[in-house]
Each structure stands twice: as structure tokens, then as C-alpha cells.
Amino acid sequence: MSGDGAPGRFGLTGREQAALALFFGAMALAPLVVGDFLLSVLLIVFYFAFVGQAWNLMMGVAGQLSLGHALYVGLGAYAAAALYVHFGVPPLVGMVPAMAIAAAAGASIGFLAFRFRIGGVYFALLTIAFAEFTRILFSHIGWLGATEGFFLPVENRSDMDFVNLRGSPEMFYYILLALTGLALALVRGLMGSRLGYYWLAIREDETAAEALGINIFRTKMIAVMISAAMTALAGLVMAFYYNNLFPGDVFGMHRSIEIILAPIVGGLGTLFGPIIGAFVLGILGEGLTIALEAAGIATAGVKQLVYAVFLFAIVRFMPGGLWPFLATRLGFVRGGRK
Amino acid sequence: MSAAPLLKVEGLRKTFKGLVAVDAVSFEVDEGSITAMIGPNGAGKTTTFNMIAGAMAPDSGEIALAGQSLAGLRADQVCHAGIGRTFQIVRPFPKLSVLDNVLIGGLRDGSSVATALRAARETLDLLGLGKSEDQPAGTLTLPERKRLEVARALACKPRLLLLDEVMAGLRPNETDELVATFRALNKDRGVTILLIEHVMRAVMALSDVVYVLNYGKMIAHGTPGEVVADPAVLECYLGEDTEI
Amino acid sequence: MTWDVVANIVIGGLLTGLVYALMALGLSVIFGVIRVVNFAHGEMTALAMYAAVLLFEGWRLDPLLSIPLVAGGLFALGYVIQRRLIEPFISRPEHEQFILLLSVAVILTNGMLIVFGPDARGVMTDYSFDSYEFGLIIVDKTKALAALGALTTALALLAFFRYARTGKAIRACADNLIGAKVVGLNVPRLYGLTFGLGAAAVGVAGCLLALVIDVMPQIGPELTLLAFIIVIVGGLGSMTGAVIGGVLIGMSEALAGLLITPSMKSMLSFALLIVVLALRPQGLFGKRAL
């Protein structure tokens, strides 16, 4: 899990850097080549890659399985959307309070969990409870649309208004692509810092970490809050992309489960896991949709079923995820790395 | 060796569900000294350590480091106050490299990662672990892990180093090596050491002062020579009616 | 709002709560003994409900009569899950176990969605609209029968664990696993039995629930959460806790539905879960700390 002995030890090898550059370069050119449908698929893929990275931070660090991450997506989405629709606050500004609200929610959960030593399944249940509670709550807030939904005015879609997040799908695609890249850089940067080392220490052995002067509570809280804020940002982007929000859809547990798919399939605790996972699942999902359409089957739930089976298979047979497996095969590293 | 005690423990008491583990224990550790705490298993030595290190709260009593009370402090705060400790059952960060283990300790005082890295390499060399620096800590042998534990505790730049049975399981030559290392640390770097030990070879070779615990009570103290000849001490190890 | 309306609602909640309690009892047994987080618990219940519904639609079999069949089927399912799925995972990190069962849950839910469709299905027996009247108190016959069935099954389970040799052996595993192994108990087989029993309880609960409420695929996750809330509030490791917890949750949800809006009634349960986790994690009757 550690680097190769050089300063900037979580730095990427030359090979990895080249591969990344190639990848992002290709993805940046994608909108010029692919059609609308494929673009929308890629957009979702990068959403899950970004959110997966955020979730990975909490899991890999606080070591706690959050099954209620949709809470932060929803809070970010609704906060920014409400500020825009009701008060005319552009999302570029609104993202600050949106991320703050999510961070506060994360802090509350973190406070309860770490202060009262709630771990494992209880922590997971705690996160679910918070998300579900919020879902039902928002279903009854008329000012936010309740169950009828909250709608953003759909302006001229060909304008590229970055401040108000009004624009074409291409714009949203680039935003999510950039966010994914930034998340990668952020996590990589953090892991090479004091905070990152402290996170690793806590994950390895909390008691020993505390004896070395690490404030466990504060260090875990930081992870939780960063994770929540990042997730909220993703929610904000999607709110302005889809222009409608429904509590059951946004806060629902199925969304929380979706969020954990990519990082687990790709590789829990690894840097590239979420992106790999998001791509694999995206390809799987779309391939499946096409196959089903061709076969004339139009039942709901098949896609979810296949995802679940895939998740099951990964956890059963390749619990480290796809990235560690691929990395050794493709000659990137000798072992897993973060 | 100065006269002012670096660590002052007074009337320390801890009870576990009716069993008195530590009973009104008081002692001092002088700055720059090497002090040992010995006694049969279950005498309350590690419990005392845990209370000093902030891992456990005493029922009553006072603990002060250089005059500053450590009452109510968490383990990480105690570390910042100047105490480094090892664990009786070693707790390395198994998946992290040996170097990373020590580096993390070195970050305590706010050093940059680069500074802590350099310091970590030095500390590893001091404890003879230099060539293993990239190995995952979990793959080390037990004696190596013990040395890593010491190195890591040292990395936090403590004024007082608490060593909990670091010699256990070592062969005599390994013990002698470690004794020499500690002597050097104490003399050259001025690290005050308080150690729990069963290995009398090390206790005799290292300590300036020895405290003896039995059933949670302090039953004797003095120089190693005095303590070893003390009938009360012999009795607690060998039983009553023992002829020397 | 007169007292008799409130009383009727509370009693209704109590009765339904007993059935939920049985379902939660199954989880308490599984969770308490094997320490397995059965995220698929509610989905298994839904499966049992569908089985009861199908048997009713196909053969006019009253859910009460379906119980042996459904419970037996679910016992087998539980045993297989424990021995084929959980057992190989014992030494793996905890989160892998969750996610494994979580994926099973999603597979079950979507499987049911694909096979049965999203619409609600229920059981309409001859006595579905009958009720017993005690003055102003009106009790649905279906609820009364379901509650009675639940109570009986729960007591039978409790007696099994208290007096039967196998039951005691299972409790031994829960209390002191190493000791149990040392004494020569066949732990894997006992664990399999335990999961089977928990699943069988779910089977019974499913049949009883089918009498009282409609079944849809999405009821699975809801029931899973409900079961966990009951077990945690009632107290981990305590079977009586699960029963009492179920009754309490049943009543409080009913009351909440009355006093606030029905759609908000689950909020109370979630809030209760958060409070219990933070302030009294061992729940009302729990013996084991978290």
C-alpha cells in the first residue's frame, strides 16, 4: 500500500502518468467523435467515477462502509437548486453553501459514529437511517417540491453558461471529466501528505496511531467532511444537468448502492479503482441495454440484477477489485497501491 | 542526571470490576535516567503504563510530566506532551512499509513529510532496521518488530520513552544489542527511559533505579543491586520460606 | 380523535408489530449467534410473502396453511446460504460480508421485480374483512390470527433455544465460540441450522404478513431496515428484546401515522434508530455491547 521509497511516494510512475495523460486526452476529445447517446453514457460514467472517488475516501480512511452517500448527493443537489430557483443564486456561488451543508451532515454522522464508537454494520445502518430520514423529510417539504418534484427552468441548452450551469450536455461532460481528474489529483496529493499518512495509520491500527499523537476523531472527521463535500458537488452538477429532483430518486437507497458499485468493482482503497469500475460498469450496463433491446425484453430490474450479480462475483472472487488484478497484468505495479 | 523528576506518579489507583489492579502506586522517574519496573505477571505494570500513556483513565491519583499534569489527557495528547510508548504486544502498521511506520511517528511535531522521512531513515539505522525500510511491517520477525516499535515511538521525539517488555522473546545476543542501543540513546540523545521488563539481564545492565510491583502495590525500590537482594522482592517471585 | 380510534390504531399496530417481531426474531437469531449481517432479511421475507400469495392464487391455500411449506423452503434456503455463502467468508473483512449479502438482497429484489412485476399483490381470504368486536374496539380477524401465529412461533423458538439440546448448543456457540469448539460442537452445522431457523421464522412471518399487507418487490429493503431497527432497539442478543422491540415499533409507527402523516411514520423509526445507536447501543434488553 505504500510507495517506492522516493519523496512524493504516492507519485505515479512514468508509465502511469503516460497512461493517465493518454486517457484524459482521449476522453477530452470524445465529444467530437461520439454521438449524443454515448456522450450521455460517458457523462454518467464520470459522475460515478467522481462520486466513487469521494466515497472511497471515507471507506478507505474512516474504514467505515457508508451506505447512505446519496444523502450528500441530495443535499448538494437540493441546496444549490433551491438557491438558484428561489433566490437566483448561481450554482458557481451556490456550491459553497451546498458543500458546507453536506459537510455538516457528514460531520453529524461522523460525530455520532466516532464519539460513540459506532462501527461496522451499525455505522452502515446509521448512514442508511440518515439518508432515509432525509428522503422522507424532503418528501414533505413543499418549498422543495416534495414528491411532485423540484424543477429547474430549462433555458436554451446551447448556451454555455458556466456560472449558472446552463448549457449543452458537452459542457456537463467536460465539467464531470474535469472533476474526476481533479479528484484523482486531490486524493493523490492528500495521500502523500501528513493527513494521508495519518489516514493510513488509523486504518491500520487506531490504538497505535493514537499513541503516535494522531487525533483520531479529528482526522476521521476531516475524511468524512471532504467525502461529503465532494459528493455534494457531484449532486449539484447532476441537478443542473437533469433539471429535476425527486426525493425518492435522489436520496433513495438504490442510489447509495449505485455509488458504491464502481469503487468496489474497480478496487476498494485504490486510486484508479473508481474510474476503472465506473467504466466497466458503464460498458456492462449499456451493452446489456442494447442486448435486451435487441432481444425484445423490456423488463425493469434486469440491469440492476446484472449489476448485483457482477458485484457479487467481484466480492466473492476478486475482492480487491479489478484494478489490482489489471495492474499486475498490464505491468503497472508489482502490487496494489493507493 | 538532574534531581528534578521528569515523571511523577502519585497514588495511582485502578480497579477492574472489584479487582484492584493498581493500588496507590507512587514513584518518580528522574530526567535522563533509565528506570525499570519489575514484578510478577499481573502485578499491574502494564496497567500503570496505560494510565501514564493516556490509554486508560485512573480511578484516582496524579500523573505529572515535568510538572504538567497528564490527568484526563487522551493518548495522542500525552504523546504531544512528550511521552512515547511501545505496546506489550507489538502493534505495527502491518501493510505499511517499515519506513512509513516510523515516518508517521515523525510527523507528530509538525515536521514536513520530507523532514520526517530523513529523520525516519536515521532512526531506522540506529535500530538496525535500515535495510528493511521498504518491507511491509507485517512481514518482519518478532525482534525486528519490537525494534520497529521502539523506532516509531522514538520518532515522536519523546522526552520519556515507555518500553513495555521489549526484550521478551529475544535471544541473549539480541538482548545485549538492544541494551547497548538504549544505553546509547540515553547517553547520547538524553532520552529518559521507563521500562517494564522481565528479562533481568537487561534490567541489571540498564537501570539506574528499579521499582518492584506485586499485586498492584509498590513493594520495593532502589538500585538494581539493592532490589535483587531485598527479601520482599525475592518472596514475591519465589514464594515464602525461600532460602537463598 | 376519540380514544377508541386511537386505541384501535394502537392495537392494530401492536398486532402487526408482533408479526414484524417474528421477522426480527429471525434476524436476532442469525445476527446474535452467527454475527452475520443479513442485509437480505427483508427480501427473504418478501420472498416468503410471494410464496404465500402464489400458493393462495394457485391452490387457494390459506397462508396459514402454507406455513409449513414456506417455512420449510426458507429453512433450506437459509441453511444453504449459511454453508455455501457465509461460511467461506468467515475470515474475510467484515465489509465484504455486508456487500455480499447486500448484493444478494438486490438480486432477490430485482428478481422478484422481474418475475412478479411491480404491482402490489395480496391475499384475499374469505375472512379478510371479518373482525372481532369488543365494544368500541374493533380488531381485524386477519391481524388477530397473524399476531397469534407470530406469538406462537416466537414462543416456540424461545422454548427451542431454552430447552432443546440443539438450541442450547447453538446458544453455546453464541456465548463462547472457542469453548463450543473445544467441547466438540459441530459449529458449521449448528450455524447452518441457526440461519435455517432464522430463515424459517422469516418464512412463517412472511405467510402471516401476507394476510395483513400486500407484497411488492420494494417491500424487501423496507422490511430489512425495519428488522434491523427492531433488533437494535430491542437489543442485540436478546430474543425477548426483538419481540418487545417489534411490538413497540409497530405501535409507535401506528401512532406516528395517526398523529403526523402516515407517509412520515417511518421517520420516527429511523430517528429512534439513530438515537439508540448513539445513546444506548445495547438497546433495551441487549446483553452484548457493540
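Residues numbered from 1 in each chain as written. Chains lettered and ligands numbered in written order. Predicted model: local features only at pLDDT ≥ 70, side-chain atom pairs only at ≥ 80, totals over all residues.

## Examining the overall build of chain A
- Counting its regular elements, chain A contains 14 helices and 2 strands.
- Whereas a compact globule of 338 residues would reach a radius of gyration of roughly 20 Å, chain A reaches 20 Å, a difference of no more than 12%.
- C-alpha extents for chain A along the principal axes are approximately 55 × 45 × 40 Å.
- Taken over 338 residues, chain A has a buried fraction of 55%.
- Partitioning the contacts of chain A with sequence separation of at least 6, the portion at a separation of at least 24 is 74%. (Helix = DSSP H or I, 4+ residues; strand = E, 2+ residues; numbered from the N terminus. Rg over C-alpha atoms; globule rule 2.2 N^0.38 Å. Buried ≥ 20, exposed ≤ 12 C-beta atoms within 10 Å, placed from the backbone. Contact = placed C-beta atoms within 7 Å.)

## With respect to the overall build of chain C
- Looking only at helices and strands, chain C features 11 helices and 2 strands.
- Helices and strands appear in chain C in the N-to-C order α-α-α-α-β-β-α-α-α-α-α-α-α.
- What you see for chain C is a C-alpha radius of gyration of 19 Å, in line with the 19 Å of a compact globule of 290 residues.
- Here chain C holds 290 residues, and 53% of them are scored as buried.

## Here's the deal with the interface of chain A and chain C
- On the chain C side, the residues contacting the 35 residues of chain A number 34 residues.
- Every element with two or more residues in the side of chain A that touches chain C is listed here: α5 (120-138), α11 (253-266) and α13 (302-317) of chain A.
- Top contributing element to the side of chain A that touches chain C by residue count: α5(A), with 13 residues.
- Its residues assigned to classes, the side of chain A that touches chain C shows 27 nonpolar, 6 polar and 2 charged. (Nonpolar A, V, L, I, M, F, W, Y, C, P; charged D, E, K, R; others polar.)

## A look at the sheet that holds strand β7 (residues 160-164) of chain B
All names here are of chain B.
- Within the open sheet, the 6 strands sit side by side as β6-β7-β8-β3-β9-β10. Their pairing is mixed. Whereas interior strands pair on both sides, the edge strands pair on one side only; in this sheet they are β6 (83-85) and β10 (217-222). Going from strand to strand, the sheet's axes swing by 20° on average, the running direction of each strand aside.
- Where β7 lies against strand β8 (residues 192-196), 5 bridges are found, and the strand directions are parallel. (Pairing = 2+ DSSP bridges. Axes fitted to C-alpha atoms, helices over the stretch in contact; angles between N-to-C directions.)

## Some words on the packing of helix α2 (residues 41-59) of chain C against helix α3 (residues 63-86) of chain C
All names here are of chain C.
- Orientation of α2 relative to α3, taken along the N-to-C sense of each, is 135°, at an axis distance of 9 Å. By the criterion of interaxial angle, the relationship of α2 to α3 is oblique. Relative to α3, α2 is oriented so that their crossing is right-handed. Each of M44, A48, A51, A52, L55 and F56 in α2 lies in contact with α3, whose residues at this interface are P63, S66, V70, G73 and L74. (Parallel < 35°, antiparallel > 145°, perpendicular 65-115°, else oblique. Left-handed = near helix turned anticlockwise from the far one by under 90°.)

## Some details on the interface of chain A and chain B
- Residue-level contacts link 20 residues of chain A with 28 residues of chain B.
- Mapped onto the side of chain A that touches chain B, the elements with two or more residues apiece are α7 (194-204) and α8 (206-211) of chain A.
- With 5 residues, the single largest contributor to the side of chain A that touches chain B is α7(A).

## Focus on the sheet that holds strand β5 (residues 68-69) of chain B
Residues and elements named next belong to chain B.
- An order of β2-β1-β4-β5 is seen for the 4 strands of this open sheet, with the pairing classed as antiparallel. Of all strands in the sheet, those bounded by a partner on one side alone are β2 (19-30) and β5.
- Two strands pair when backbone bridges link them, and strand β4 (residues 60-65) and β5 are joined in this way by 2 bridges, in the antiparallel orientation. The residue of β5 that forms the bridge with L65 is Q68.

## Looking at the nonpolar core
- Residues C:V19 and C:A21 are the most contacted members of the largest nonpolar core, which totals 309 residues.
- No other element matches helix α9 (residues 216-242) of chain A, which puts 18 residues into this core.
- Contacts of C:V19, omitting those with residues within four sequence positions, involve C:A146, C:A147, C:A150, C:A205, C:L208, C:L209 and C:V212. (Core = buried A, V, L, I, M, F, W, Y, C linked by C-beta atoms within 7 Å.)

## What about the confidence of the model for chain A?
All names here are of chain A.
- Per-chain confidence: chain A averages 86 in pLDDT, with 93% of residues scoring 70 or above.
- The element-level mean pLDDT for chain A is lowest in helix α14 (residues 322-329), coming to 81, with helix α3 (residues 70-87) highest at 95.
- For residues 1-9, every residue scores under 50 in pLDDT, and the model assigns this stretch 21 contacts once sequence neighbours within four places are set aside.
- Scored below 50 in pLDDT, residues 334-338 makes 11 contacts in the model with residues more than four places away or belonging to other chains. (pLDDT = per-residue confidence, 0-100.)

## A word on the packing of helix α1 (residues 3-34) of chain C against helix α8 (residues 187-212) of chain C
All names here are of chain C.
- In the contact formed by α1 and α8, the axes pass within 9 Å of each other and the chain directions differ by 165°. By the angle between their axes, α1 is roughly antiparallel relative to α8. Here α1 and α8 pass one another in a crossing that is left-handed.
- Of the residues in the contact of α1 with α8, the class split is 20 nonpolar, 4 polar and no charged.

## Quick word on α11(A)
Residue and element names in this part refer to chain A.
- Spanning 14 residues, α11 covers 21 Å between terminal C-alpha atoms, matching the ideal 20 Å at 1.5 Å per step.
- Remark: the principal bend of α11, roughly 25°, maps to I260, with a proline, P263, within the next four residues.
- The buried fraction of α11 amounts to 13 of the 14 residues, a majority that puts the element mostly inside the structure.
- One or two steps after α11, the chain reaches G267, where phi turns positive at roughly 145°. (Expected span 1.5 Å × (residues − 1). Bend = angle between axes of the 7 residues up to and from the residue.)

## Comments concerning the pairing of β8(B)
Residue and element names in this part refer to chain B.
- In terms of burial, β8 is a largely internal element, 5 of the 5 residues being buried.
- Here β8 shows no split at all, with T192, L194 and I196 on one side and I193 and L195 on the other all buried.
- Bridge count between strand β3 (residues 34-38) and β8: 4 bridges; the pairing is parallel. Across the sheet, the residue bridging to A36 is L195, located in β8.
- For the segment spanning β7, helix α6 (residues 172-189) and β8, crossover handedness is right-handed. (Right-handed = clockwise from strand over helix to strand, strands pointing away.)

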